[in-house]
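Now for the letters of each chain:
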Amino acid sequence: MFVRIGNTPRDYAWGSTTAIAGLLGTEPSGGPEAELWLGAHPGSPARVLDPALADGAADLAAWERTSDLPYLLKVLAAAGPLSLQAHPSPEQARAGFERENAAGLAPDSPDRNYKDPFHKPELIFALSDPFEALCGFRDPAESRAALERLAAAGNGGAVLSGFARTLDGEPEAVLRRATEWLLGGDTDVDLLVAEVVAAARALPGDRDADTVRMLDEAFPGDPGIVLALLLNRATLRPGEVLYLPAGNIHAYLRGLGIELMAASDNVLRGGLTRKRIDVPELVGVLDFRPIRATPLAAEHPAAGVETFRPDVPDFALEFVSLTGEVPSATVPLPGTAIALVTDGEVELSGTSGSLHLRRGDAAVVTDERELTATGRGTLFVAHPNR
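Nothing here was measured: the structure is a model prediction, and the numbers come from that model. (Residues numbered from 1 in each chain as written. Predicted model: local features only at pLDDT ≥ 70, side-chain atom pairs only at ≥ 80, totals over all residues. Heavy atoms only, no water.)

## Points about the environment of G96
- In this structure, G96 sits in helix 2 (residues 90-102).
- Taking the C-alpha atoms as reference points, G96 and D190, 94 residues apart in sequence, are found 31 Å from one another. (Helix = DSSP H or I, 4+ residues; strand = E, 2+ residues; numbered from the N terminus.)

## Observations concerning the pairing of strand 6 (residues 122-126)
- Burial within strand 6 is extensive, with five of its five residues counted as buried.
- Burial along strand 6 is two-sided: the face carrying E122, I124 and A126 and the face carrying L123 and F125 are both buried.
- Summarising the sheet, strand 6 and strand 9 (residues 241-244) pair through four bridges and their orientation is antiparallel. For F125, the partnering residue across the bridge sits in strand 9 and is V241.
- Note that strand 6 and strand 10 (residues 250-262) share five bridges and pair antiparallel. Directly across from F125, in strand 10, lies its bridge partner I258. (Buried < 20%, exposed > 50% of the residue type's maximum accessible area, 1.4 Å probe, protein only. Pairing = 2+ DSSP bridges.)

## Topic: the side chain of D208
- Turning to its location among the elements, D208 is positioned in helix 7 (residues 207-218).
- D208 sits in the buried class, given a relative accessible area of 13%.
- D208 has contacts with R138, A146, R149 and L229, leaving out every residue within four places of it along the chain. (Contact = heavy atoms within 4.5 Å.)

## Thoughts on the packing of aromatic side chains
- As enumerated under the stated definition, the model contains eight aromatic pairs in all.
- For the ring pair F125 and F308, a centre distance of 5.7 Å and an interplane angle of 85° mean the geometry is edge-to-face. Taken as a pair, F125 in strand 6 and F308 in strand 13 (residues 305-308) lie far apart in primary sequence, 183 residues in all. A single burial state applies to F125 and to F308, both of which are buried.
- With a centroid separation of 5.7 Å and an interplanar angle of 25°, the aromatic rings of F163 and W181 are classed as stacked. Within this pair, whereas F163 is found in helix 4 (residues 158-165), its partner W181 is found in helix 5 (residues 171-183), the two being separated by 18 residues in sequence.
- For F163, a relative accessible area of 5% corresponds to the buried category.
- Exposure remark for W181: the relative accessible area of 26% places this residue in the partly exposed category.
- The side chain of R10 reaches across the aromatic face of W37, ending 4.7 Å from its centre. (Phe/Tyr/Trp six-rings, centres within 6.5 Å; stacked < 30°, edge-to-face > 60°. Lys NZ or Arg CZ within 6 Å of the ring centre and 35° of its normal.)

## Some thoughts on helix 2
- Its 13 residues give helix 2 an end-to-end C-alpha distance of 18 Å, which sits within 8% of 18 Å, the value for a rise of 1.5 Å per residue.
- G104 sits one or two residues past helix 2 and shows a positive phi near 85°. (Expected span 1.5 Å × (residues − 1).)

## A short note on the nonpolar core
- Formed by 49 residues in total, the largest nonpolar core has its most connected members in F137, L150 and V196.
- Among the elements that make up this core, the one with the highest residue count is helix 6 (residues 187-201) (seven residues).
- In this structure, A57, F125, F308 and F380 belong to the second largest nonpolar core, which totals 38 residues. (Core = buried A, V, L, I, M, F, W, Y, C linked by side-chain atoms within 4.5 Å.)

## Topic: the environment of D278
- Within the secondary structure layout, D278 lies in the loop between strand 11 (268-269) and helix 9 (279-285).
- Take D278: its relative accessible area is 18%, and that puts it in the buried class.
- As a C-alpha pair, D278 and L183 span 95 residues in sequence and 9.2 Å in three-dimensional space.
- A polar side-chain atom of D278 sits 2.9 Å from a polar atom in the side chain of N113. (Polar contact = N/O pair within 3.5 Å; in protein donor to acceptor, adjacent residues only side chain to side chain.)

Here it is, written out as structure tokens:
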């Protein structure tokens, strides 16, 4: 079954005023348009454009066939940095949710960390050139070198130089200790942030200094400015995908992309925010092992199809590019799918019928074992990863 869906972009302050409209060929609202949600998440369920085809349901959360979708597909457009954050594993989410329920915290309590018992891994497919993000801890030796460059450019700085020296030792212990101190409210952290920002202004052309200047403009005085120097800065080109598993500390900095995640609200914030930060809970969730922020490798199951498959069962993403040379492609569907056309015109077909979609159109596909797309254009298809 093929059912058209749509939604209104979320107007978070960090959103672009033009990027989502420019991608989908819609009229800009005049305000920020940060995320277009295509899923059944109750925070903004996709509208059913023909309720008669969906047992009268007005949205995907109200339709029995789609109300339990394990994933959420989004178009994301960041004109500025989002908060530093991490998400729990399934075990951490379940234990945290049960613990806060037992403590009597209301579902909408501001003291809650766990809104549900689910994990929230996610991936981002870059559409803009570039799409930039902070992703995971890097080797502390790289962070120390960056801080020492800043210290030299800023003619010293006692707190900055002292903090750089603390980054020697076993990497995970060093990174845990530094994170706890930066977010723990010590008065010297304010001095450190001021010294780092002043030094960054004196170091044009340096990538780490550029990160500091960008974050200071958006969140002046925030300890996350220095925490960001402990992380990898990832620059994605169009078509590259970054996967963010449980425990990965990250923040999108700027760019347009297709985001796919597990349908959860569990977010532990770590800076670059005015919202609550629960430092002990965050530290308990974070993975402090240094990594390289490398793109997720694509599978190539057929001409014109790239499949991005993370290590979780909740979701996988298909990118289908139809051209004169490859006018048709078929992808298997292990469950209910959501399709979004971002360019051209595409005919979707299966055993139950077909549906014609143009740029900016989206549909939910149920009860099909495979999906055939024909035409000229680009199509994203989200489905469970089974």
